[in-house]
Amino acid sequence: MSSSTELLPAADARKPLAIGVDVGGTTIKLGLVDNLGRTVGYQELPTETSRGPDDALRRIGDATREVIATANLRLSDVACLGVGAPGLMDRHRGVLLCAANLPGWNDFPIRQQTELSCQLPVTYVNDATAAAYGERWVGSGKDCHSLILLTLGTGIGGGIIIGNTTVDGQHGLGAECGHIIIDNAQNARMCGCGRTGHLEAYASATALVKRAEEALAAGRCSSLTAAAVADEALTPKLIGQQAELGDSLSRELVLETARCLGIGITNLMHVIDPDCVLLGGAMNFGGHATPLGREFLQRVRQEVARLAFEIAAEKTLIDFAMLGGDAGYLGAAGLARESQLEARQR
């Protein structure tokens, strides 16, 4: 939870309450959330993937009970739990099929094991879908009926919300926005999934660093060269810093990333026709708070304006997400809440 987020006193919380769990490769975030999307309790714990999923679920159960007790509440005061995790999923069976950053979790019955560990009804969703729902519920997309979220990091995650419905797909591959094709040339860039031409191969943090390395190897003049000589790792943060200091290559790389995102976003807009498209994840170059972040966003918008149907370009909001690392657990809690409401109405 961001340091600026204040916990809501349990006495002021609006019921029903839900637990949201965001499982990442490094950290698990767990929040107790009220019916208006406000955080009543929060805890982080290391994922420690080497200890396996059963150990992680045991610790999630312990953290759930601790967060509830710290708020002076009982387990019976909480209606449900939502768990978001990365990777391919069989949502109908509640099974995490595989996730690159969760080794040892393949074919893991995450919904059933979470229910056993936490003793609550569980809704299981993809982590990017959870983040997208969080942004639509209480974030940048709160006034939007339909929303696409792209999470920019090592790869590119995607979440699509239409009304209160998540786009999951028949085979758990819905909203894999990072793997739409933006280049069908024979020599298109290789994506981390092993296929070519995908958006992730052009606009992720991994892709940005790879293009920087290629440019330096080709002899391009840049202040990044000094960093490479000093064995300082090339990262999106370093590239962004050098761009802000006036390095022309770094700025070119950042804006080329934005251009590629604009191509991908246009493709998604022409399929979904959403109210808004939000950019989340760690690679936002400072967002609205920095000139580079604002220029990055403007370049995305310019490319969309060049390629998209005019009415879509004019009416679709394209902006940065606002919830940061809180979006996942908030959205997981919100989706669990929706599942409970739907179950009561059947």
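Residues numbered from 1 in each chain as written. Predicted model: local features only at pLDDT ≥ 70, side-chain atom pairs only at ≥ 80, totals over all residues. Heavy atoms only, no water.

A. Broad picture of the side chain of Thr257. If you trace the backbone, Thr257 turns up in helix H8 (residues 248-272). Within the structure, Thr257 has its side chain in polar contact with the side chain of Arg211 (distance 2.4 Å). In this view, Thr257 contacts Tyr202, Ala203, Leu208, Arg211, Met283 and Phe296; residues no more than four positions away in its chain are not counted. (Helix = DSSP H or I, 4+ residues; strand = E, 2+ residues; numbered from the N terminus. Polar contact = N/O pair within 3.5 Å; in protein donor to acceptor, adjacent residues only side chain to side chain. Contact = heavy atoms within 4.5 Å.)

B. Expanded view of the pattern of salt bridges. Counted under the stated rule, the structure contains 19 salt bridges. The salt bridge partner of Glu295 is Arg251, with a shortest N-O separation of 2.3 Å. One end of the pair, Glu295, is in helix H9 (residues 291-307); the other, Arg251, is in helix H8, and 44 residues separate them in sequence. Classification of Glu295 by relative accessible area gives partly exposed; the value is 28%. Judged by relative accessible area, Arg251 falls into the partly exposed class, the value being 38%. Arg306 is paired through a salt bridge with Glu303; the nearest N and O atoms lie 2.7 Å apart. (Salt bridge = Lys/Arg side-chain N within 4 Å of Asp/Glu carboxyl O. Buried < 20%, exposed > 50% of the residue type's maximum accessible area, 1.4 Å probe, protein only.)

C. Main features of unusual backbone geometry. Put simply, Lys15 and Pro16 share a cis peptide bond, and its omega is 10 degrees. Note that Pro16 resides in the segment before strand S1 (17-23). Even without being a glycine, Gln119 presents a positive backbone phi close to 60 degrees. Here Gln119 is to be found in the loop between helix H2 (110-118) and strand S7 (122-126). Phi is positive for Ala175, which is not a glycine, with a value near 65 degrees. Tracing the sequence through the fold places Ala175 in the loop between strand S10 (165-166) and helix H4 (200-203). According to the relative accessible area criterion, Ala175 is buried, its value standing at 10%.

D. Quick look at the pairing of strand S8 (residues 146-152). Among the seven residues of S8, six are classified as buried, and the element is accordingly described as predominantly covered. Here S8 runs beside strand S9 (residues 156-162); their pairing, made up of seven bridges, is antiparallel. Bridge pairing in S9 places Leu152 opposite Ile156. The hairpin formed by S8 and S9 contains three residues between the paired strands. (Pairing = 2+ DSSP bridges.)

E. Expanded view of the packing of helix H7 (residues 236-244) against H8. At a closest axis distance of 7 Å, the pairing of H7 and H8 adopts a crossing angle of 120 degrees. Classified by the interaxial angle, the pair formed by H7 and H8 is oblique. H8 is crossed by H7, and the crossing has left-handed handedness. Contact with H7, carried on its side by Ile239, Gln242 and Ala243, involves Ser250, Arg251 and Val254 of H8 and no other residues of that element. Within the contact of H7 with H8, the residues separate by chemical class into three nonpolar, two polar and one charged. (Axes fitted to C-alpha atoms, helices over the stretch in contact; angles between N-to-C directions. Parallel < 35°, antiparallel > 145°, perpendicular 65-115°, else oblique. Left-handed = near helix turned anticlockwise from the far one by under 90°. Nonpolar A, V, L, I, M, F, W, Y, C, P; charged D, E, K, R; others polar.)

F. How the structure looks around the sheet that holds S7. Read from one edge to the other, the open sheet built from five strands follows the order S3-S2-S1-S4-S7, with strand pairing classed as mixed. The open sheet is flanked by strand S3 (39-46) and S7, the only strands paired with a single partner. In this sheet, neighbouring strand axes are inclined to one another by 15 degrees on average, regardless of whether the strands run parallel or antiparallel. In the sheet, S1 pairs with strand S2 (residues 27-33) via six bridges, with the strands oriented antiparallel. The partner of Asp22 across the bridge, within S2, is Lys29. Along the sheet, helix H1 (residues 52-70) contacts S1, S2, S3 and strand S4 (78-85); its crossing angle with S3, the most-contacted strand, is approximately 150 degrees.

G. Structural view of the packing of aromatic side chains. Tallied over the entire structure, the rule returns four aromatic pairs. With centroids separated by 6.4 Å and ring planes inclined at 50 degrees, the aromatic side chains of Tyr133 and Trp137 adopt a geometry described as tilted. With Tyr133 and Trp137 both in helix H3 (residues 127-138) and four residues apart, this pair spans about one turn of that helix. On the accessibility criterion, Tyr133 (1% relative accessible area) is buried. (Phe/Tyr/Trp six-rings, centres within 6.5 Å; stacked < 30°, edge-to-face > 60°.)

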